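# Observations on chain architecture
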Amino acid sequence: MERFANATKAALALRPDEPVYCFRPDVLRADARRFMEAFPGKTAYAVKTNGEEMVLRTLFEAGVTCFDVASPAEFAAVRAVSAEAELIYMHPVKAQSHIRLALEEYGIRTTVVDHEDEISKLTRVVKALDLDPTAMTVFVRIATKGEAAYELSKKFGCGPAQAIELLQRLDRNGFKVGLCFHVGSQIEDPDVYDGALKSADWVRKRAGVNLAALDVGGGFPADYGHDPAKEPDVMPSLPQLMSRVRGDIAEWGFADTPLVAEPGRVVVARAFSLIVRVLLRKGRRLYINDGIWASLSDSWTGKITLPARFIPDPSIRQRNGDENAIVPFRVCGATCDSVDILSKPFWLPETIDTGDWIEIGHIGAYSMALRSRFNGFYPDRFVEVTTPFDEGGMPHGFMSLETMEGYSDDLAAD
Ligand SMILES: *Cc1c(COP(=O)(O)O)cnc(C)c1O
């Protein structure tokens, strides 16, 4: 992979017309270690966040030895970088053939259920393979409530009374049992973990089984940008949030229970930025070469504000406007469909024009993982970059997906 000091140097050297992902392995290693030092238990990286081989390999080298996987392709992706890494299969709803593959071929011994039919599937496979159930840890996923950019308890997890039944049934069948939850993604309110721990404590007190582990899931927030027209949100830093979570773990009596966390976003977000090119400026609209069907889907669905840096093309001699005026631009994506328009503007210098580049920061989570081949556009070019996105010159503006009341109509009317 080609290496550059920063994305501006990469853009000026390559003059890319296709989007280019800038990978920062040092940042990834540092962020993984930062999480592992702050969390008082086992860290299982959630592979779905970004399952690129370069990511899994770098994480393994940084000391991440456990991976949260959900499908045969994810089992294989982790095995391809490490024969020893532990895999935990934390999808609550599984195909029976995948359970068999997990247990038989990949040696997976940790999984999760949120319904009795999942216990039946698992038990059938365990019997067919003549495995000892005491060698397996089966988590019961409880539903939780709270505010996240993505709320997942509408889809997975069981109520507390059902959790008690499932724990007791698994225990009778000879499995080691645990409790887990996943509160959603980009959690900025620590009370959400507190509420989930409270439910876990309620279930444990009534189930009367020995808990082998508690898995607190993922959801830890990454740092993103903010809208320059608004007050920045007050968001706890990872050390602050983690110190609250550690306190809550102790308060709810889980200090002596082996702990697991499944971070995704917080580990990988800062490890990539993305260079996009302005294919056309039409008034206050920018047409770029990426969009919601490729790298920008997560920021669109999750209403996440991403930081952006202007990379002017030096061959543009004539510019209009004031380079110090940071103004909102409506951003249109690369595909030929009308949905592919970011709902809210990018904030950039008034002088930006056709042919310039934009570096979008902190894009490592749920960007390349969610890209599609829709309309034939599939960003897949990578370079390595050594300087963190936040160093060496502030981003010129902020890409904003937040509500910009008053602006939208002007922008649409153009
Ligand atoms: C997606 C997912 C994660 C990772 O979530 P982040 O918000 O990226 O930390 C962890 N656990 C489970 C079960 C998931 O589905």
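Residue positions are given per chain, counted from 1 along the sequence in the order it is written. Only residues with pLDDT of 70 or above have their local features reported here, since the model is predicted, and side-chain atom pairs are shown and tallied only from 80 upward, although totals for entire chains, interfaces and linings are computed over all residues. Hydrogen atoms and water are omitted, and side-chain values are computed over all heavy atoms in the structure.

## Digging into the site of the ligand
Think of it this way: one heavy atom of a residue within 4 Å of a molecule or strand is enough to make that residue near it. Near the ligand lie 15 residues; those nearest to it are Lys48, Ser185, Glu262, Arg265 and Tyr366. Using a 1.4 Å probe, the Shrake-Rupley method yields the accessible areas, and only the shown protein chains count as cover for residues. Compared with its free state, where it exposes 390 Å², the ligand has 92% of that area covered by protein. Looking at the shell around the ligand residue by residue, the classes come out as three nonpolar, seven polar and five charged. Under the scheme applied here, ten amino acids are nonpolar (Ala, Val, Leu, Ile, Met, Phe, Trp, Tyr, Cys and Pro), four are charged (Asp, Glu, Lys and Arg), and all others, including Gly, are polar.

## Considering the packing of aromatic side chains
Only Phe, Tyr and Trp rings take part, Trp by its six-membered ring, and two of them pair if their centres are within 6.5 Å. Stacked means planes under 30 degrees apart, edge-to-face means over 60, and tilted covers everything else. Inspection of the entire model under this criterion finds 10 aromatic pairs. Their ring planes at 65 degrees and their centres at 5.0 Å tell us that Phe35 and Phe220 sit as a pair that is edge-to-face. Taken together, the positions of Phe35 in helix 2 (residues 25-38) and Phe220 in the loop between strand 9 (211-215) and helix 9 (238-251) put the pair 185 residues apart, joining distant regions of the chain. Buried means the residue's accessible area, taken with a 1.4 Å probe over protein chains only, is under 20% of the maximum for its type, while exposed means over 50%, and partly exposed covers the values in between. Residue Phe220 is classed as buried on the basis of its relative accessible area, which comes to 1%. An angle of 75 degrees between the planes, with centres 6.3 Å apart, marks the rings of Phe272 and Phe382 as edge-to-face. Residue Phe272 is found in strand 11 (residues 272-282), and its partner Phe382 is found in strand 17 (residues 381-385); the two are separated by 110 residues along the sequence. Counting from the N terminus, the helices are DSSP H or I runs at least four residues long and the strands are E runs at least two residues long.

## Description of unusual backbone geometry
Of note, the phi angle at Gln186 is positive, near 55 degrees, even though the residue is not glycine. Within the secondary structure layout, Gln186 lies in the loop between strand 8 (176-180) and helix 8 (191-207). In the Ramachandran plot, His362 falls in the positive-phi region, its phi being about 55 degrees despite a non-glycine side chain.

## Considerations on the packing of helix 7 (residues 160-172) against helix 8
In this analysis an axis means a line fitted to C-alpha atoms, helices contributing only their contacting stretch, and an angle means the value between N-to-C directions, from 0 to 180 degrees. Running from N to C, helix 7 and helix 8 point in directions that differ by 45 degrees, and their axes come no closer than 9 Å. In terms of orientation, helix 7 lies oblique with respect to helix 8. Where helix 7 crosses over helix 8, the two elements pack in a sense that is right-handed. Here Pro160, Ala163, Ile164, Leu167 and Gln168 of helix 7 come into contact with helix 8, specifically with Trp202, Val203, Arg206 and Ala207. Of the residues in the contact of helix 7 with helix 8, the class split is seven nonpolar, one polar and one charged. Roughly parallel covers angles under 35 degrees, roughly antiparallel covers those over 145, roughly perpendicular covers 65 to 115, and oblique covers all other angles. Should the near helix be turned counterclockwise from the far one by less than a right angle, the crossing is left-handed, whereas a clockwise turn marks it as right-handed. Whether two residues are in contact is decided by their heavy atoms, any of which lying within 4.5 Å being enough.

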